[in-house]
Amino acid sequence: MAQAKTLYEKIWDAHVVDQRDDGTAIIFIDRHLVHEVTSPQAFEGLRMAGRKVRRPDLTLAVPDHNVPTTPRFDTAGKRVPIADPESRAQLEALERNAPAFGVPYIDATDARQGIVHVIGPEQGFTLPGCTMVCGDSHTAAHGALGALAFGIGTSEVEHVLATQTLQLKRSKSMEIRVEGDLPPSVSPKDLILHIIGQIGAAGGTGHVIEYRGKVFEQMSIEGRLTVANMSIEAGARAGLIAPDDATFAYLKGRPMAPKGADWDAAVAYWRTLKTDDGAAFDKSVVINAADIAPSVTWGTSPEDVVPITGSVPDPESFADASKRAAAQKSLDYMGLTAGTPLSEVPVEHIFIGSCTNSRIEDLRAAAAVLKGRHTASGIKSALVVPGSGLVKRQAEEEGLDRIFIEAGFEWREPGCSACLGMNPDKVPAGERCASTSNRNFVGRQGPGARTHLVSPAMAAAAAVTGRLSDVRTLT
Amino acid sequence: MQPIDRVEGKAFPFGRKNVDTDIIIPSRWLKTISREGLGAGAFESIRAEPGNVFDDPDYAGSPILIAGDNFGCGSSREHAAWALIDLGITAVIAPSFSDIFSSNAFKNGILTVVLPQEAVDRLMEVAKTDTIHIDLESQTVTTPFQDRFTFEIDPFRKTCLMQGLDEIGLTMGKADAISAYEAKLSADRPWMVPVAA
């Protein structure tokens, strides 16, 4: 009998082009997503060396990080120029490089444009069992469909463009097994925040995580994308969820997914992509779903997670000396005092968006809380930034845009937006944002900005009350 | 890439843990289409703190940075490595590094030296007054006080760094193996090529 393998080992083994004795392998890359921020120097490198893109057919480029989320056409139907000269130069570089190297390109005015990690699955570009990379650490998201997907730096972007491969060493494997069911009003975002809080921001370093348990089998693809997306916040370059009938149903009929007889052959192959009984993981963590409440971060690392029913921790309560020092610095930056209940922390800004939480289900969850309600008087800005033009259109067909607008939100065009503030959407210094994004780092949403990571429903609850709030008290 | 066999000199005794790449280089500096000049934005939020090590004249021009656990976590931006190089930093010593950062550092000829926390604590002390010496060939970090710490490094990375090898060129030398893989892939899983958009 063949040796029992994990899902990760199966995908890895199917992509080895060349194996060296020192453990490094050349791994074939099936899918490469390219955006404007991490690619200009890679294309320049190709140009200087006189190299071509080996497989433009496996590559897809789209602008997302810099694009403004304000209307892209004026009332006369003319394209609105991008005001920031640096952003404009970077976007123009991608607009030039993609056709010059024969790479398929989705333009900022195309209805399909959006955040790379939203449009990959949406277009059926992401497939189970494929290896997928992008010069962006949240590429981990695509693991939700059973793709081995991870972020790379610009030198690696250039390497993949030139060779369609990467030189890699096999990672260790880590199982995160979630037992039981999530309590009502606890979302996939709360689950992944809780997991990161448990294992720490470096808990998965050197590992590829596989999320296992019935919670994930019952979870929608959108929810799985939220979970896998934040694997990197636990230090893991990639996170996997085994593909199943829900995955196949999600992909069937997507524009770039296989069709007809190819589809049947693909599904037959995808059904083999699961961890065998008896396969060994290097590390295993068990989480009890019943323990999880709607979660919120208090500090400047995604591991700084507490339930919304909790309080800001006392730095002295941490066993590790460096964590004590870090916690104090975090509290100073966040303007918080130990012992304050999180539900008493006022917020001025709300951001619903990012590759973590900008899909249709996320917008539905936030709209369900906002329906018939309005943002509190202390809220200075409330943004909804759909993950793609197609998400935006679907939300409008469902009337969600009206709910957001009537509740006092701004309904924007797709992009990365205030998740990292490369475009004009930023949180002012010293002000506080309840954000559905993935990073609460110092300065992430703008210099001096204070970020609390939450689920879409929790962001909506904070908008209504003007403070971090337990969504369960509103429904 | 320039060959590298040792890094020696003063070191920034920074020591912080979970230093993410947004701290190393904030997003507003990522709008460049070049690799140059990013030192100006490096550690911007830290440099706003009075008495920070990066603006302390005692450490100006140090080629080594000493940090805490999980250095370089977060975003995959290679700008973090470019910013360090622009500051003149060519080696970072820490108890652990994020996977993506250590790969980016390697591609840019920055040594990432993993040492236990006790060794890092000791080097933080030494750095306040004296120089630190990293030797790649013998995989050791030494001080003028007879401290000697050995570190592990992937043998392939070590060879590439010491010989200044171009990784893309190395892989392109395996073009036949890549072509053979592609031929087998088209035969076994022809549906893997995306339907044209």
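This one's a predicted model, so the numbers in the text were calculated from it and none came from an experiment.

A few points about the overall build of chain B
Then step 1. When helices and strands are counted, chain B shows eight helices and eight strands.
Then step 2. Looking at chain B as a whole, 46% of its 197 residues are labelled buried.
Then step 3. Long-range contacts, defined as pairs at least 24 residues apart, comprise 70% of the intrachain contacts of chain B with a sequence gap of at least 6.

Focus on the overall build of chain A
Then step 1. A count of helices and strands for chain A gives 15 helices and 18 strands.
Then step 2. Relative to a compact globule of 475 residues, whose C-alpha radius of gyration would be 23 Å, chain A shows 22 Å and is just as compact.
Then step 3. Considered along the principal axes of its C-alpha atoms, chain A spans approximately 60 × 60 × 45 Å.
Then step 4. Per-residue burial for chain A yields a buried fraction of 60% across its 475 residues.
Then step 5. Sequence separation of 24 or more characterises 77% of the internal contacts of chain A that already satisfy a separation of 6 or more.

What to know about the interface of chain B and chain A
Then step 1. Chain B puts 49 residues into the contact, and the matching count from chain A is 65 residues.
Then step 2. Where the side of chain B that touches chain A is concerned, the elements lending two or more residues are helix H1 (21–24), helix H4 (99–107), helix H6 (155–163), helix H7 (167–172) and helix H8 (175–188) of chain B.
Then step 3. The dominant element in the side of chain B that touches chain A, judged by the number of residues it contributes, is H4(B), at five residues.
Then step 4. Residue composition of the side of chain B that touches chain A, by class: 20 nonpolar, 14 polar and 15 charged.

Digging into the pairing of strand E6 (residues 132–135) of chain B
Put simply, side chains in a regular strand alternate between the two faces of the sheet.
All names here are of chain B.
Then step 1. Because side chains alternate across E6, one face comprises the buried residues Ile132 and Ile134, and the other comprises His133 and Asp135, none of which is buried.
Then step 2. Note that strand E1 (residues 6–9) and E6 share four bridges and pair antiparallel. Among the inter-strand pairings, arginine 6 is bridged to a residue of E6, identified as aspartate 135.
Then step 3. Where E6 and strand E7 (residues 140–142) come together, three bridges link them in antiparallel fashion. The partner of aspartate 135 across the bridge, within E7, is threonine 140.

A few points about the sheet that holds strand E7 (residues 165–169) of chain A
Residues and elements named next belong to chain A.
Then step 1. Pairing within the open sheet is antiparallel, and its three strands lie in the order E1-E2-E7. Looking at which strands have only one partner, the edges of the open sheet turn out to be strand E1 (16–19) and E7. Adjacent strand axes in the sheet meet at a mean angle of 25 degrees when their direction is disregarded.
Then step 2. Relative to E7, strand E2 (residues 24–28) runs antiparallel, the two sharing five bridges. The residue of E7 that forms the bridge with threonine 24 is lysine 169.

Overview of the domain arrangement of chain A
All names here are of chain A.
Then step 1. On domain assignment, one finds that chain A holds domain 1 (1–293) and domain 2 (295–473).
Then step 2. For domain 1 versus domain 2, the separation of C-alpha centres amounts to 24 Å.
Then step 3. Those elements that place two or more of their residues in the side of domain 1 that touches domain 2 are helix H4 (116–123), helix H6 (188–199) and helix H8 (221–229).
Then step 4. The dominant element in the side of domain 1 that touches domain 2, judged by the number of residues it contributes, is H6, at six residues.
Then step 5. Taken together, the residues that form the side of domain 1 that touches domain 2 break down as 14 nonpolar, 18 polar and nine charged.

Some thoughts on unusual backbone geometry
Then step 1. The residue Ser185(A) is not glycine, and still its phi comes out positive at about 65 degrees.
Then step 2. In this structure, Ser185(A) sits in the loop between strand E8 (172–179) and H6.
Then step 3. Classification of Ser185(A) by C-beta neighbours within 10 Å gives buried; the count is 20.
Then step 4. At Asn18(B), a residue that is not glycine, the phi angle is positive and equals roughly 50 degrees.
Then step 5. In this structure, Asn18(B) sits in the loop between strand E2 (11–13) and H1.

Here we look at the nonpolar core
Then step 1. Counting residues in hydrophobic clusters, the biggest one holds 201 residues, and the most contacted among them are Ile350(A), Ile66(B) and Ile93(B).
Then step 2. When residues of this core are sorted by domain, at least three fall in each of domain 1 (1–293) and domain 2 (295–473) of chain A.

Some details on the pairing of strand E6 (residues 148–151) of chain A
All names here are of chain A.
Then step 1. Residues Leu148 and Phe150 point to one face of E6 and Ala149 and Gly151 to the other, with burial holding for every one of them.
Then step 2. Where strand E5 (residues 131–134) lies against E6, four bridges are found, and the strand directions are parallel. Each bridged residue has a counterpart across the sheet, and for methionine 132 the counterpart in E6 is alanine 149.

So, the environment of Arg212(A)
Residue and element names in this part refer to chain A.
Then step 1. Along the chain, arginine 212 falls in strand E9 (residues 207–212).
Then step 2. Residue arginine 212 is classed as buried on the basis of its C-beta count, with 22 C-beta atoms lying within 10 Å.
Then step 3. When the C-alpha positions of arginine 212 and valine 178 are compared, they lie 6.3 Å apart, and in sequence the two are 34 residues distant.
Then step 4. Among residues more than four places away in sequence, those in contact with arginine 212 are Glu175, Ile176 and Arg177.

Each value, and the rule that gives it
Residues numbered from 1 in each chain as written. Chains lettered and ligands numbered in written order. Predicted model: local features only at pLDDT ≥ 70, side-chain atom pairs only at ≥ 80, totals over all residues. Helix = DSSP H or I, 4+ residues; strand = E, 2+ residues; numbered from the N terminus. Buried ≥ 20, exposed ≤ 12 C-beta atoms within 10 Å, placed from the backbone. Contact = placed C-beta atoms within 7 Å. Rg over C-alpha atoms; globule rule 2.2 N^0.38 Å. Nonpolar A, V, L, I, M, F, W, Y, C, P; charged D, E, K, R; others polar. Pairing = 2+ DSSP bridges. Axes fitted to C-alpha atoms, helices over the stretch in contact; angles between N-to-C directions. Domains from an automatic or database assignment. Core = buried A, V, L, I, M, F, W, Y, C linked by C-beta atoms within 7 Å.

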